[in-house]
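# Summary of the model geometry
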Amino acid sequence: MVSSWDLRKEVVDCARRLALLGFMPSTSGNLSVRLDPRRVLITPSGLPKSALQPGQLDVIDLEGDCLECGLKPTSELGLHLAAYRLRPDVMAAVHAHPPAATAFACAGVELPADIASEVVAALKSIPLTSFFMPGSKLTDPEMPADLREALQTRDAMLLSNHGALTLGNSLAIAFQNMELLEHYAKICLGVFQLGRQKRLSPQEVAALIDLGGKYRRG
Ligand SMILES: [Zn+2]
């Protein structure tokens, strides 16, 4: 069984990799892992992710109450907790501002859901959710309906005028999903520059989603 100290080291390592990729500039971005059904390990606010230390992570419960908090938890706590409350299968969440994906989120342009087979198989589609104020608690009255739907059904999403969120059944998968999301956003910029899109048929999209599901189960 993985100890909570091992998980802390994994979060710190992942945060450094995301910072090196340029996905979490300055003190932005945050990540978390589920310790058990009621507790979450999460990054603190106001620190550059490249310098994060395992002992600086906070432990909170699903209501957002601090159980072990040396530093103030990330202001995007509400977003992480909403994902864990809505999806018992989610074990990790990464919120970042990767530049190409964030450009789409700030332009209000959706990423096409039917042009790249690998992305369809891995993520189905990547919704662009409505704007909400950073730091929102995202409890029921504050939760945009499309964000709720995205959290319940997708592992990657764009947050309007803000950035991106990915989920996974492990931190490694949530990280990979963020990497894939940004890579796909760059591909879409190229596709849009070329001025045409060769779309997959609805049957091909359905077959790819089915194929991805088999890999995810395996
Ligand atoms: Zn953010």
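Below is a short write-up of the structure. Just so it is clear, the model here is predicted, and its values are computed rather than measured.

### Brief notes about the nonpolar core
Judged by nonpolar contacts, the single largest core of 57 residues is most densely connected at Val-11, Ala-93, Val-94 and Ala-164. Excluding its chain neighbours within four sequence positions, the residues that come into contact with Ala-93 are Leu-31, Ser-32, His-80, Ala-83, Leu-165, Leu-167 and Ala-174.

### Let's talk about helix α3 (residues 99–107)
Along α3, the residues that are buried comprise Ala-101, Thr-102, Phe-104 and Ala-105. For α3, the arc enclosing every buried residue in end-on projection is 155 degrees, short of the 170-degree limit, so these residues lie on one face. On its buried face, α3 is in contact with β6 (128–129), β7 (156–159), β8 (163–168) and α6 (171–194). Positive backbone phi, approximately 70 degrees, marks Gly-108, located one or two places after α3.

### Notes on the sheet that holds β7
Taken in spatial order, the 8 strands line up as β4-β3-β2-β1-β5-β8-β7-β6 in an open sheet, and their pairing is mixed. Strand pairing shows two members of the sheet lacking a second neighbour, β4 (66–68) and β6, which therefore form its edges. Bridge count for β6 against β7 is 2 bridges, and the pairing is parallel. Looking at the pairing, Leu-128 lines up with Leu-158 of β7. Its contacts with the sheet put helix α1 (residues 4–20) on β1 (30–36), β2 (39–42) and β5 (92–96), and the angle it makes with β1 is roughly 160 degrees. The sheet strands contacting helix α2 (residues 77–86) are β1, β2, β3 (58–61), β5 and β8, and the helix crosses β2 at an angle near 140 degrees.

Definitions and cut-offs
- Residues numbered from 1 in each chain as written.
- Predicted model: local features only at pLDDT ≥ 70, side-chain atom pairs only at ≥ 80, totals over all residues.
- Core = buried A, V, L, I, M, F, W, Y, C linked by C-beta atoms within 7 Å.
- Buried ≥ 20, exposed ≤ 12 C-beta atoms within 10 Å, placed from the backbone.
- Contact = placed C-beta atoms within 7 Å.
- Helix = DSSP H or I, 4+ residues; strand = E, 2+ residues; numbered from the N terminus.
- Arc of directions from axis to C-beta.
- Pairing = 2+ DSSP bridges.
- Axes fitted to C-alpha atoms, helices over the stretch in contact; angles between N-to-C directions.

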